[in-house]
Amino acid sequence: MTIRIGNAPCSWGVEFADDPRNPAWRTVLKENAEAGYKGIELGPVGFMPEDPVELGDALAEHDLELIGGVVFRPFHDPEAWEDVLDGSVRTCKALVAHGAQHLVLIDSISPRRAPTAGRADAAEQMDQAEWAAYRDRIAHIAKMGAEEYGLTVGIHAHAAGFMDFEPELERLLDEVSEDILKICFDTGHHSYAGFDPVAFMKRHINRISYMHFKDIDPVVKADVIAKGTGFYDACGQGIFCNLGQGDVDFPAVRQVLVDAGFEGCCTVEQDCDPTLDVRPMDDAMANRKYLESIGF
């Protein structure tokens, strides 16, 4: 088993490229490397330079590999299609320029879903026509990424969007060909949604191409679900804790990967609010050390 562990800008609080609260991109690269990681994700396109030479030189300076990139856009909103397409094309081009392999598709937070994050029984559902159009938009970007850019494309379930709960993810996997769409499996979001990450991995390990390692504080999770707390407020309350301190069974996650002979990347993500009293580099180091302690 050869697994490379990376990290991502969201661990430094970077969710949107134009957020004035973001740390400098060079700081993220520097601290990521100092925390002991050899790989990093792109973050939201536009956060890091889109000039391949500028970013390439900075990655080389810190001996970092670009692993992949996330398109976190409103796939659920037909009026936002141009925004989705723009973010997808730019991300694909950036990944190809640096030899990265993984394109991750995430339906961003919907106001219709935000109050019911983590509560599948209460969440609003799309009707058949809306679902079909939504599915087709995801499939369009997956096909483009796989066939035009040669990337491995994974769908990523995410709290407070319309690809949140396990039945929605299972439905999409049934309706979109594995040839163009794999799974980027996020352990924390699966737990947030109220489902068992390890059981899902066992069923779908052959379609999982990429992993996001994230843990969930069960006390915070119970509180925010009971109160209908929004996703970003939940982040501010510390729902995403250091790996090994939450309810995700990472030794069991590792065993599923080992048993399957998984080869590739697993990326640590610990979403945080950068305006709070957080120390992303310390968390990054703690998470790396924890993963090493259980055999990664």
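A short tour of the structure in this document, coming up. Nothing here was measured: the structure is a model prediction, and the numbers come from that model.

Digging into the packing of helix H4 (residues 128-148) against helix H5 (residues 166-175)
For any two helices packed against each other, one specifies the inter-axial angle together with the distance between the axes. The interhelical angle for the contact between H4 and H5, taken along N-to-C directions, is 65°, at an axis separation of 11 Å. Here H4 lies roughly perpendicular to H5, going by the angle between them. Note on packing geometry: the crossing formed by H4 with H5 is right-handed. Contacts between H4 and H5 involve Gln128, Trp131, Arg135 and Ile138 from the former and Glu168, Arg171, Leu172 and Glu175 from the latter. Within the contact of H4 with H5, the residues separate by chemical class into three nonpolar, one polar and four charged.

Some remarks on the side chain of Ser88
With respect to the element layout, Ser88 can be found in helix H3 (residues 81-97). Sequence-distant contacts of Ser88, that is, excluding residues within four places in its chain, are made with Val71, Ile141 and Met144.

Examining the packing of helix H7 (residues 197-204) against helix H10 (residues 250-260)
The N-to-C vectors of H7 and H10 enclose an angle of 5°; their axes lie 10 Å apart at closest approach. Classified by the angle between their axes, H7 and H10 sit roughly parallel to one another. Across the interface between the two elements, Val198, Met201 and Lys202 of H7 pack against Ala252, Val253, Val256 and Leu257 of H10. Counted by class, the contact of H7 with H10 contains six nonpolar, no polar and one charged residues.

Overview of the pattern of salt bridges
Under the criterion given, the structure shown has 24 salt bridges. Among the charged side chains, a network of salt bridges with common partners joins Arg135, Asp136, Arg171 and Glu175.

Observations regarding the packing of aromatic side chains
Counted by the stated rule, this structure contains nine aromatic pairs. Centre to centre, the rings of Phe16 and Phe72 are 5.9 Å apart; their planes meet at 45°, and the pair counts as tilted. With Phe16 in the loop between strand S1 (3-7) and helix H1 (25-34) and Phe72 in strand S4 (residues 68-73), this residue pair connects regions lying 56 residues apart in the sequence. Phe16 gets classed as partly exposed once you look at its relative accessible area, which sits at 35%. Three or more aromatic residues joined by ring pairs make a cluster, and in this case those are Phe213, Phe250, Tyr290 and Phe296. A cation over an aromatic ring shows up here: Lys214 above the ring of Phe240, its NZ or CZ 4.7 Å from the ring centre.

Some words on the nonpolar core
Grouped together as the largest cluster of nonpolar side chains are 72 residues, with contacts concentrated most on Leu105, Met211, Phe213 and Leu257. Counting residues per element, this core draws most heavily on H4, at eight residues. Excluding its chain neighbours within four sequence positions, the residues that come into contact with Leu105 are Val71, Phe75, Ile138, Ile141, Ala142, Val153, Gly154, Ile155 and His156. Ile216, Ile225, Ala234 and Ile239 belong to the second largest nonpolar core, which has 14 residues in total.

Describing the pairing of S1
Counting buried positions over the five residues of S1 gives four, a clear majority of the element. Two strands pair when backbone bridges link them, and S1 and strand S11 (residues 264-268) are joined in this way by five bridges, in the parallel orientation. Note that in S11 the partner of Gly6 across the bridge is Thr267.

Thoughts on the pairing of strand S5 (residues 102-107)
Where burial is concerned, most of S5 is hidden: six out of the six residues are buried. Residues His102, Val104 and Ile106 point to one face of S5 and Leu103, Leu105 and Asp107 to the other, with burial holding for every one of them. Pairing analysis gives six bridges linking S4 to S5, with the strands arranged parallel. Bridged to Val71 within S5 is Leu105. Assessed by its sense of winding, the connection that carries the chain from S4 through H3 to S5 is right-handed. Direction of pairing for S5 relative to strand S6 (residues 152-155): parallel, over a ladder of four bridges. From the neighbouring strand, Leu105 faces S6, where its bridge partner is Ile155. For the crossover from S5 across H4 to S6, the handedness is right-handed.

Definitions and cut-offs
- Each chain carries its own residue numbering, running from 1 in the direction its sequence is written.
- Only residues with pLDDT of 70 or above have their local features reported here, since the model is predicted, and side-chain atom pairs are shown and tallied only from 80 upward, although totals for entire chains, interfaces and linings are computed over all residues.
- The side-chain figures draw on all heavy atoms in the structure; neither hydrogens nor water molecules are used.
- A fitted line through C-alpha atoms serves as each axis, taken over the contacting stretch for helices, and the angle formed by two N-to-C directions is quoted from 0 to 180°.
- Per the convention used, a helix needs a DSSP run of H or I reaching at least four residues, while a strand needs a run of E reaching at least two, with both numbered from the N terminus.
- Any angle from 65 to 115 degrees is called roughly perpendicular, while one under 35 is roughly parallel, one over 145 is roughly antiparallel, and all others are oblique.
- With the far helix as reference, a near helix turned anticlockwise by less than a right angle produces a left-handed crossing, and one turned clockwise produces a right-handed crossing.
- We call two residues contacting when some pair of their heavy atoms lies within 4.5 Å.
- Residues are grouped as follows: Ala, Val, Leu, Ile, Met, Phe, Trp, Tyr, Cys and Pro are nonpolar; Asp, Glu, Lys and Arg are charged; every other residue, Gly included, is polar.
- Whenever Lys or Arg places a side-chain nitrogen within 4 Å of a carboxyl oxygen from Asp or Glu, that contact is recorded as a salt bridge.
- Each pair of aromatic rings taken from Phe, Tyr and Trp, with Trp reduced to its six-membered ring, is defined by centres within 6.5 Å and is described as stacked if the planes are under 30 degrees apart, edge-to-face if over 60, and tilted in the remaining cases.
- Exposed residues in this analysis have more than 50% of their type's maximum accessible area, buried residues have under 20%, and partly exposed residues fall in between, with area computed by a 1.4 Å probe over protein chains only.
- Definition used: whenever NZ (Lys) or CZ (Arg) falls within 6 Å of the ring centre and also within 35 degrees of the ring normal, the charge is taken to sit over that ring.
- We define the nonpolar core as a collection of buried residues of types Ala, Val, Leu, Ile, Met, Phe, Trp, Tyr and Cys that are connected through side-chain atoms lying within 4.5 Å of one another.
- Any two strands with at least two DSSP-identified bridges between them are counted as paired.
- A clockwise path from the first strand over the helix to the second, with the strands pointing away from the viewer, defines a right-handed crossover.

Read these as layout, nothing more, since geometry by itself doesn't imply function.
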